[in-house]
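# Reading the structure
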Amino acid sequence: MKRDKVKKGEEHLKEVKEKSGEAGKKAMIAVYPGTFDPITSGHMDIIERASGLFDELIVAVSTHPEKNAWFTLQERVEMVRQSCQHLKNVSVQSFQGLLVQFVREKGARVIIKGLRAVSDFDYEFQMAAMNRKLAPEIETIFLMTSLPYAYLSSSIVKEVASLRGCLRGLVPDLVAQRLIEKVNEGRR
Ligand code: PNS
């Protein structure tokens, strides 16, 4: 019964697209940028949800700011790539320089950002406003982080790791392993 309704919905969407002439339209590509030092379960929540909204999602790992990064750019890209293997329309790339330039080069029109709490707002608002000034044709779309991850950030995860706290559920398992290795190596 439920499946029939879903099928009807899909057929309806197809009809709407055909009527509006959208059937032959280009795929909608979105870019989700960040430093991902390292990727957390909160990032994964946003990636999984955004991948369901767009034809293609590019996770863009930034080279900046790297001053206090635990992981090199290559390590961060690799961890994101491995964590997103199950999502067929998600690819992972690194970028340097202006985000809007990268977005344009990829033929994308949308930047995805996650919003956790009011504390994120000022910084995110400023970045979205500047990106809009630089590239008015690109929209920033904010997804509210799912509640279980509202308190989560890469920095707090690194603090827990360095104090040998339990990382289960905070980051993908492969990332937890990498964090533990870093701490055990005495590098953090
Ligand atoms: O994970 P973060 O630290 O919130 O990511 C910040 C990031 C990488 C999205 C931001 O620093 C960025 O967009 N850097 C690229 C440089 C740029 O375009 N700056 C002008 C935008 S205001």
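In this convention, every chain numbers its residues from 1, walking through the sequence in written order. pLDDT decides what is reported in this predicted model: residues at 70 or higher carry local features, side-chain atom pairs at 80 or more are listed and counted, and totals for whole chains, interfaces and linings draw on all residues regardless.

## Thoughts on the site of the ligand
Definition in use: By definition, a residue lies near a molecule or strand provided its backbone-derived C-beta atom is within 6 Å of it. The secondary structure listing takes helices from DSSP runs of H or I that are at least 4 residues long and strands from runs of E that are at least 2 residues long, numbered from the N terminus. Only Asp, Glu, Lys and Arg are considered charged in this grouping, and only Ala, Val, Leu, Ile, Met, Phe, Trp, Tyr, Cys and Pro are considered nonpolar; every other residue, Gly among them, is considered polar.
In the region of the ligand, the neighbouring residues are Pro33, Gly34, Thr35, Ser62, His64, Leu98, Leu99, Met127, Met130 and Asn131. Among the secondary structure elements, those contributing two or more residues to the shell around the ligand are β1 (29-34) and α5 (118-134). Class assignment of the residues belonging to the shell around the ligand gives a composition of five nonpolar, five polar and no charged.

## Comments concerning the sheet that holds strand β2 (residues 56-62)
Put simply, the test is: When DSSP finds two or more bridges between two strands, those strands count as paired. Axes, fitted as lines to C-alpha atoms, cover a helix only where it is in contact. Angles between the N-to-C directions of the axes lie from 0 to 180 degrees. The contact rule is simple: place each C-beta atom from the backbone, and if two of them lie within 7 Å, those residues are in contact.
Read from one edge to the other, the open sheet built from five strands follows the order β3-β2-β1-β4-β5, with strand pairing classed as parallel. Each edge of the open sheet is held by one strand with a lone partner, namely β3 (90-95) and β5 (139-144). Looking at each pair of strands side by side, their axes are set apart by 30° on average, direction ignored. Across the sheet, helix α2 (residues 41-51) is in contact with β1, β2, β3, β4 (110-115) and β5; its angle to β1 comes to roughly 175°.

## Brief notes about helix α6 (residues 154-162)
In plain terms, the rule: Counting other C-beta atoms within 10 Å of each residue's C-beta, where C-beta atoms are placed from the backbone, gives the exposure class: buried for 20 or more, exposed for 12 or fewer, partly exposed between. The arc under discussion is defined with respect to the helix axis, by the directions toward the C-beta atoms.
Every buried residue of α6 is accounted for by Ser154, Val157, Lys158 and Ala161. Mapping the buried residues of α6 onto a view down its axis gives an arc of 100°, with all of them on the same face. Residues Ser155, Ile156 and Glu159 are exposed on α6 and point more than 90 degrees away from its buried face. Where the residues of α6 are buried, they touch α7 (173-184). One or two steps after α6, the chain reaches Arg164, where phi turns positive at roughly 60°.

## Comments concerning unusual backbone geometry
The omega torsion of the bond from Asp37 to Pro38 falls at 0°, within 30 degrees of zero and hence cis. Of note, Pro38 is situated in the loop between β1 and α2. With a phi close to 50°, Phe36 is a non-glycine residue in the positive phi region. Along the chain, Phe36 turns up in the loop between β1 and α2.

## Some thoughts on the packing of helix α3 (residues 73-83) against α7
How two helices pack is summed up by the angle between their axes together with the distance between the axes. Heads up, the condition is: The labels follow the angle: roughly parallel below 35 degrees, roughly antiparallel above 145, roughly perpendicular from 65 to 115, and oblique for the rest.
Closest axis-to-axis distance for the α3/α7 pair is 9 Å, and the angle between their directions is 150°. What the angle tells us is that α3 and α7 run roughly antiparallel. Contacts from Met79, Gln82 and Ser83 in α3 reach Leu174, Val175 and Arg178 in α7. Across the contact of α3 with α7, the residue classes tally to three nonpolar, two polar and one charged.

## Regarding the environment of Gly186
Summarising the element assignment, Gly186 is placed in the segment after α7. The class for Gly186 is exposed, based on 6 C-beta atoms found within 10 Å.

## Examining the nonpolar core
How we decide: Note on terminology: a nonpolar core is any set of buried Ala, Val, Leu, Ile, Met, Phe, Trp, Tyr and Cys residues joined through C-beta atoms within 7 Å.
Residues Val31, Tyr32, Leu57 and Val59 are the most contacted members of the largest nonpolar core, which totals 33 residues. With five residues, β2 is the largest single contributor of residues to this core. The contacts of Val59, once residues within four sequence positions are left out, are Tyr32, Ile47, Val80, Cys84, Val90 and Val92.

## Side note on α3
Of the positions making up α3, those classed as buried are Arg76, Met79, Val80 and Ser83. Across the axial projection of α3, the buried residues extend over an arc of 95°, all falling on one side. In this fold, the buried residues of α3 make contact with α2, β2, β3 and α7.

## Remarks on the pairing of β4
Consecutive side chains of a regular strand alternate in pointing toward one face of the sheet and then the other. As a reminder, the rule being used: Handedness of a crossover is defined as follows: orient the strands so they point away from the viewer, and if the path from the first strand over the helix to the second runs clockwise, the crossover is right-handed.
Pairing of β1 with β4, which is carried by two bridges, proceeds in the parallel orientation. Across the sheet, residue Ala30 finds its bridge partner in β4, namely Val110. Examined bridge by bridge, β4 and β5 share six bridges and lie parallel to one another. Among the inter-strand pairings, Gly114 is bridged to a residue of β5, identified as Leu143. Chirality of the crossover, the property in question, places the unit of β4, α5 and β5 among those that are right-handed.

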